[in-house]
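# Structural overview
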Amino acid sequence: MSRIRVWDPVIRLFHWSLVGLFLANALFTRPGKDVHVWVGYAIGALLLVRVIWGFAGSRHARFSDFPPAPAAALGQLSEMATGRRIRHAGHSPLGALMVYNILLTMTGIVATGYAMTTVTFFGVEWVEELHEALVTWAEFSAVVHFAAVLFETRRLGVNLPKAMLTGYKVMPATQARGK
């Protein structure tokens, strides 16, 4: 077994802060109230840090380490269907698509949320509907992400939640792609 440093502190702090702030706004704050708006601004700041870190961060944090590749994601689905177990040191192809999905969705939520605080878009129905649709999509994506992490943890024998807590993946040394 090999212990590979994958997720640096910035990535882990971003991930868990985004989870906490999104849950706070979804479950505990009231839309339109000051706390909801300020949590949205905090999420926007997190996204900005993540984008910067996607170009300047550690190896597996960089966007170049996990480009959005639909063909590779289809290949991963084929591997799963045929029972092959290919472990990735960083994001898998499907994981990469989920990262981009969540980053873009959260950016859309922040943008539409901010727009609703401006004179131009305050009370504009389509902006509110788009904001709500994006939140619903983010909630769906979070559930799929959580289920996929649990599924892949079991299927591959690599504790992905623990890796996001500690920063290290423990996996067979000969099967680590992108080490």
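Each chain carries its own residue numbering, running from 1 in the written order of its sequence. With the structure being a predicted model, the display of local features is reserved for residues of pLDDT at least 70 and the display and counting of side-chain atom pairs for 80 or more, all residues being used for whole-chain, interface and lining totals. Note: side-chain values were computed over all heavy atoms of the structure, leaving out hydrogens and water.

### Concerning the environment of Phe-22
- Among the structural elements, Phe-22 can be located in helix H1 (residues 9-28).
- Judged by its relative accessible area of 15%, Phe-22 is buried.
- For the pair Phe-22 and Met-106, spaced 84 residues apart in sequence, the C-alpha separation works out to 9.1 Å.
- Throughout, a contact is declared for two residues whenever any of their heavy atoms are within 4.5 Å. Phe-22 has contacts with Ile-43, Met-106, Ile-109, Val-135, Ala-138 and Glu-139, leaving out every residue within four places of it along the chain. Runs of E in the DSSP output that reach at least two residues are strands. Runs of H or I that reach at least four are helices, and both are numbered from the N terminus. For every residue, the accessible area (1.4 Å probe, protein chains only) is compared with the maximum for its type, and the residue is labelled buried under 20%, exposed over 50%, or partly exposed between those bounds.

### Examining the packing of helix H2 (residues 34-56) against helix H4 (residues 93-115)
- All axes are obtained by fitting lines to C-alpha atoms, using only the stretch in contact for helices, and the reported angles, taken between N-to-C directions, cover 0 to 180 degrees. Two numbers describe how H2 lies on H4: the axes approach to 10 Å, and their chain directions differ by 140 degrees. By the angle between their directions, the pair H2 and H4 is classed as oblique. Considering how the two elements wind past one another, H2 and H4 form a crossing that is left-handed. Here H2 contributes Gly-40, Tyr-41, Ile-43, Gly-44, Leu-47 and Arg-50 to the contact with H4, which in turn contributes Leu-103, Met-106, Thr-107, Val-110 and Tyr-114.
- Residue type decides the class: Asp, Glu, Lys and Arg count as charged, Ala, Val, Leu, Ile, Met, Phe, Trp, Tyr, Cys and Pro as nonpolar, and the leftover types, Gly among them, as polar. For the contact of H2 with H4, the residue count by class is seven nonpolar, three polar and one charged. Orientation labels follow simple angle bins: below 35 degrees gives roughly parallel, above 145 gives roughly antiparallel, 65 to 115 gives roughly perpendicular, and whatever is left gives oblique. Crossing handedness: left-handed means the near helix sits turned counterclockwise from the far one by under a right angle, and right-handed means the same turn made clockwise.

### Considering H1
- To estimate how far a helix should reach, multiply one less than its number of residues by 1.5 Å. With 20 residues, H1 should cover 28 Å at 1.5 Å per step; its first-to-last C-alpha distance of 27 Å lies within 8% of that length.
- Residues of H1 that are buried: Ile-11, Arg-12, Phe-14, Leu-18, Phe-22 and Asn-25.
- Contacts made by the buried residues of H1 are with H2, H4, helix H5 (125-156) and helix H6 (160-166).
- Nitrogen and oxygen atoms within 3.5 Å of one another constitute a polar contact, given that in protein one can donate a hydrogen and the other can accept it, and given that sequence-neighbouring residues count only through two side-chain atoms. The N-cap residue of H1 is Asp-8: its side-chain oxygen and the backbone nitrogen of Val-10 are 2.9 Å apart.

### Thoughts on a nonpolar patch on the surface
- A grouping of Trp-16, Val-19, Leu-23, Leu-27, Phe-28 and Leu-165 is seen on the molecular surface, where their side chains present a nonpolar patch of about 650 Å² in accessible area.
- At five residues, the largest contribution of residues to the nonpolar patch is made by H1.
- Here Leu-165 falls in the exposed class, since its relative accessible area comes to 58%. The patches described consist of residues with a relative accessible area above 30% and no salt bridge, like charges being joined within 9 Å and nonpolar side chains (Val, Leu, Ile, Met, Phe, Trp, Tyr) within 5 Å. Accessible surface is estimated by sampling points in the Shrake-Rupley manner with a 1.4 Å probe; for residues, cover comes only from the protein chains shown. Salt bridges, as used here, are contacts in which a Lys or Arg side-chain nitrogen is within 4 Å of a carboxyl oxygen on Asp or Glu.

### A few points about the layout of surface pockets
- Throughout, the protein atoms alone are placed on a 1 Å grid, and a set of points is a cavity if a 1.4 Å probe fits but cannot get out or a pocket if it is open with protein on both sides within 12 Å along at least five of seven lines; lining residues have an atom within 4 Å of a point. Grid points are joined across faces, edges and corners, and a volume is the space filled by probe spheres set on the points. Put simply, the largest pocket is a space of about 1300 Å³.
- In terms of lining residues, the largest pocket is bounded by 47 residues, among which His-15, Met-98, Ile-102, His-145 and Val-149 are the most central.
- Counting residues per element, the ones that place at least two in the lining of the largest pocket are H1, helix H3 (70-82), strand S2 (87-88), H4, H5, H6 and strand S3 (168-171).
- No other element matches H5, which puts 13 residues into the lining of the largest pocket.
- Considered as a void within the structure, the second largest pocket measures approximately 640 Å³ in volume.
- Along the wall of the second largest pocket there are 25 residues; nearest its centre are Pro-31, His-36, Gly-113, Met-116 and His-131.
- Mapped onto the lining of the second largest pocket, the elements with two or more residues apiece are H1, H2, H4 and H5.

### A short note on the confidence of the model for the chain
- Summary statistics for the chain give a mean pLDDT of 94 and a share of 97% for residues scoring 70 or more.
- pLDDT expresses how confident the predictor is about each individual residue, on a scale running from 0 to 100. Model confidence for the chain, summarised as mean pLDDT per element, is weakest for strand S4 (residues 176-177) at 56 and strongest for H4 at 98.

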